[in-house]
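# Examining the three-dimensional arrangement
Letter by letter, the chains look like this.
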Amino acid sequence: LTGVLDDCLCDIESIDDFNTFKIFPKIQKLQERDYFRYYKVNLKRPCPFWADDGHCSIKDCHVEPCPESKIPVGIKAGSSNKYSKVANNSKELEDCEQANKLGAVNSTLSNQSKEAFIDWARYDDSQDHFCELDDERSPDAQYVDLLLNPERYTGYKGPSAWRVWNSIYEENCFKPRSVYRPLNPLAPSRVGALFFFFSWTGLCLEKRVFYKLISGLHASINLHLCANYLLEETWVKPGWGPNVKEFTRRFDPVETKGEGPRRLKNLYFLYLIELRALSKVAPYFERSVVDLYTGNGHEDAESKALLLDIFRDTKSFHMHFDEKSMFAGDKKGAKSLKEEFRLHFKNISRIMDCVGCDKCRLWGKLQTQGLGTALKILFSEKEIQSLPENSPSKGFQLTRQEIVALVNAFGR
């Protein structure tokens, strides 16, 4: 791929250089740190849209939850919002076991922290969320070590997997110009092998952006499946590696009727959006009140220093996407369009609970939530700019779940 991306003043070569030499080595190190490797997720939520197709029984679809003893004490000791010094003190660490039993608001917290939690909860219920977040207090929510459960091809495919993506594109995505899509495996064989979307004509910037983000997310997931593919299936020692034939099937210009390169360009567009979100949210983490809290002071300080270093790099990039160009029409129309945009994306996050393979569901939920968090950041600029330096924020808040999802989704 070469050249300028549509809808922004950025070229692919600049993104490649910036990512390869500045961002990727650092984001890879950050993902290996305790704060970012443990993700709490509920993989047992029922599909809200259709009768369950049944879970994938292939052994590689399985996700191994992390034993409680392996989770850093500062991560598991209470509310999902606890990642700062304000919300943690030595007494809570000593009373870690008790903290697990106390529920949403820990009785050992100061009144100030209790008020902060109430404000955070109130904000969580507001209209700025683009994703359906898992309830981390649910007995079905479990910590997963992302490093031990990598995203890769597990053998999960066919009608169940196709239905998930078809529902995303057909029912929850604004329609672009004619786009090649694979044959519907649910339909009779006499139906033609291709079907097409509508035209870009009359489709506003916001709806083009929405489609590109979903296409870019799809391309990202497919790329990881192709790069880490089950090549040799034996019970004793399965072999994983790049599958060039599968990559060609999904992205080659000829095999995809010209659509493959566009899919890859949409991946670059997704990268730009999440990169922009990281540069915008930097002031939130630059405050001294925010720690990446695990209970290990030395590790927490190193993790925050590395994150701030990445933020400095993101700010140095000169060709960011300009999110101010979105929702910039008349106020009433812009507000209505933004709400439509948000609800479409929220629905897509719920569809991830319909994925039959647990490992695919884990990474689908994480990357969707990461993108949803990026969108939340991009449309909360005023709230981020007015954050207090030395006290919990009331206007804008990120849960640990959102922070972990944002960094790991960008890392993918």
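Thresholds, definitions, all that
Residues numbered from 1 in each chain as written. Predicted model: local features only at pLDDT ≥ 70, side-chain atom pairs only at ≥ 80, totals over all residues. Heavy atoms only, no water. Helix = DSSP H or I, 4+ residues; strand = E, 2+ residues; numbered from the N terminus. Expected span 1.5 Å × (residues − 1). Bend = angle between axes of the 7 residues up to and from the residue. Buried < 20%, exposed > 50% of the residue type's maximum accessible area, 1.4 Å probe, protein only. Polar contact = N/O pair within 3.5 Å; in protein donor to acceptor, adjacent residues only side chain to side chain. Salt bridge = Lys/Arg side-chain N within 4 Å of Asp/Glu carboxyl O. Disulfide = S-S within 2.5 Å. UniProt positions renumbered as here; feature names shortened; annotations may be inferred. Contact = heavy atoms within 4.5 Å. pLDDT = per-residue confidence, 0-100. Axes fitted to C-alpha atoms, helices over the stretch in contact; angles between N-to-C directions. Parallel < 35°, antiparallel > 145°, perpendicular 65-115°, else oblique. Nonpolar A, V, L, I, M, F, W, Y, C, P; charged D, E, K, R; others polar. Core = buried A, V, L, I, M, F, W, Y, C linked by side-chain atoms within 4.5 Å. Phe/Tyr/Trp six-rings, centres within 6.5 Å; stacked < 30°, edge-to-face > 60°. Lys NZ or Arg CZ within 6 Å of the ring centre and 35° of its normal.

## Here we look at helix α1 (residues 12-31)
Here α1 contains 20 residues, and its C-alpha end-to-end distance of 25 Å is more than 12% below the 28 Å for a straight helix at 1.5 Å per residue. Along its length, α1 shows its largest kink, about 50°, at isoleucine 23, and proline proline 25 lies within four residues downstream of that point. Looking at α1, one finds that the buried residues are Ile12, Ile15, Phe18, Ile23, Ile27, Leu30 and Gln31. Capping of α1 at its N-terminal end is provided by aspartate 11; its side-chain oxygen lies 3.4 Å from the backbone amide nitrogen of glutamate 13.

## Some remarks on the pattern of salt bridges
Applying the stated criterion to the full structure yields 19 salt bridges. One salt bridge in this structure joins arginine 208 and aspartate 7, with 2.8 Å as the shortest N-O distance. Taken together, the residues span a long stretch of sequence, with arginine 208 in helix α8 (residues 205-227) and aspartate 7 in the segment before α1 at a distance of 201 residues. Overall, aspartate 7 belongs to the partly exposed group, its relative accessible area being 28%.

## Section: the state of the cysteines
Across all of its chains, the model carries one disulfide by this definition. Covalent S-S linkage joins cysteine 47 and cysteine 354, the inter-sulfur distance amounting to 2.0 Å. The sign of the S-S torsion, about 75°, decides the handedness of the disulfide formed by cysteine 47 and cysteine 354: right-handed. On the criterion of sequence distance, the pair formed by cysteine 47 in the loop between β1 (38-42) and α3 (73-76) and cysteine 354 in the loop between α12 (331-351) and α13 (358-378) is long-range, its members being 307 residues apart. Taken as a pair, cysteine 47 and cysteine 354 share a single burial class, namely buried. Counting only cysteine sulfurs, cysteine 8 is the nearest neighbor of cysteine 10, a cysteine outside any disulfide, at a range of 5.8 Å.

## As for the UniProt feature "binding site: FAD" (unreviewed entry) in the protein
Within the UniProt annotation, "binding site: FAD" (unreviewed entry) is assigned to Arg152, Thr154, Trp165, Ser215, His218 and Arg250. Among the secondary structure elements, threonine 154 is positioned in the loop between β2 (141-145) and α7 (159-172). By relative accessible area, threonine 154 is classed as buried at 2%. Contact partners of threonine 154, with chain neighbours within four places excluded, come to Ile58, Asp60, Cys61, Leu230, Cys357, Lys359 and Cys360. With respect to the element layout, arginine 250 can be found in helix α9 (residues 244-251).

## Digging into the confidence of the model for the protein
Summarising the model, the protein shows a mean pLDDT of 80, and 77% of its residues fall at 70 or more. Residue range residues 188-200 is modelled with pLDDT below 50. Its contacts to residues more than four positions away, or to other chains, number 39 contacts.

## Examining the packing of α8 against helix α10 (residues 259-286)
The relative placement of two packed helices is expressed as an angle between their axes plus a distance between the axes. Relative to each other, α8 and α10 sit at 105°, their axes nearing to 7 Å. Between α8 and α10, the angle is such that the two are roughly perpendicular. In this structure, α8 uses Val209, Tyr211, Lys212, Leu213, Ser215, Gly216, Leu217, Ala219, Ser220 and Leu223 to contact α10, whose residues at the interface are Glu259, Arg263, Leu264, Asn266, Leu267, Phe269, Leu270 and Ile273. For the contact of α8 with α10, a count of residues per class yields 11 nonpolar, four polar and three charged.

## Here we look at the UniProt feature "active site" (unreviewed entry) in the protein
In the numbering used here, UniProt assigns the "active site" (unreviewed entry) feature to Cys357 and Cys360. Here cysteine 357 is to be found in the loop between α12 and α13. Excluding residues within four positions of it along the chain, cysteine 357 makes contact with Cys56, Cys61, Thr154 and Tyr156. As for its position among the elements, cysteine 360 is in helix α13. Exposure remark for cysteine 360: the relative accessible area of 23% places this residue in the partly exposed category. Setting aside residues no more than four positions away along its own chain, cysteine 360 makes contact with Thr154, Tyr156 and Val355.

## A short note on the environment of phenylalanine 130
The topology assignment puts phenylalanine 130 in the loop between α6 (111-124) and β2. Overall, the relative accessible area of 2% leaves phenylalanine 130 in the buried class. Non-local contacts of phenylalanine 130, meaning those with residues more than four positions away in its chain, are made with Phe341, Arg342, Phe345, Lys346, Gly372, Leu375, Lys376 and Phe379.

## Re unusual backbone geometry
Phi at aspartate 7 is positive, roughly 65°, even though this residue is not glycine. Phi is positive for lysine 257, close to 55°, though the residue is something other than glycine. Structurally, lysine 257 can be placed in the loop between α9 and α10. We classify lysine 257 as exposed; its relative accessible area is 54%.

## Description of the nonpolar core
Counting 96 residues, the largest nonpolar core has Val281, Phe285 and Leu362 as its most contacted members. Per-element accounting of this core gives the leading share, 13 residues, to α10. When near neighbours in sequence (up to four residues on either side) are disregarded, valine 281 contacts Phe311, Ile377, Ile384, Phe396 and Leu398. Tyr38, Cys66, Ile71 and Tyr143 belong to the second largest nonpolar core, which has five residues in total.

## What to know about the packing of aromatic side chains
Counted under the stated rule, the structure contains 14 aromatic pairs. On the basis of an interplanar angle of 75° and a centroid distance of 5.5 Å, the ring pair of phenylalanine 269 and phenylalanine 321 is categorised as edge-to-face. Residue phenylalanine 269 is found in helix α10, and its partner phenylalanine 321 is found in the loop between α11 (297-316) and α12; the two are separated by 52 residues along the sequence. By the ring-pair criterion, three or more aromatic residues cluster together here, those being Phe210, Phe341, Phe345 and Phe379. The cationic tip of arginine 152 hangs over the ring face of tryptophan 240; the distance from NZ or CZ to the ring centre is 3.7 Å. Directly above the aromatic system of tyrosine 284 lies the positively charged group of arginine 287, at a separation of 4.9 Å from the ring centroid.

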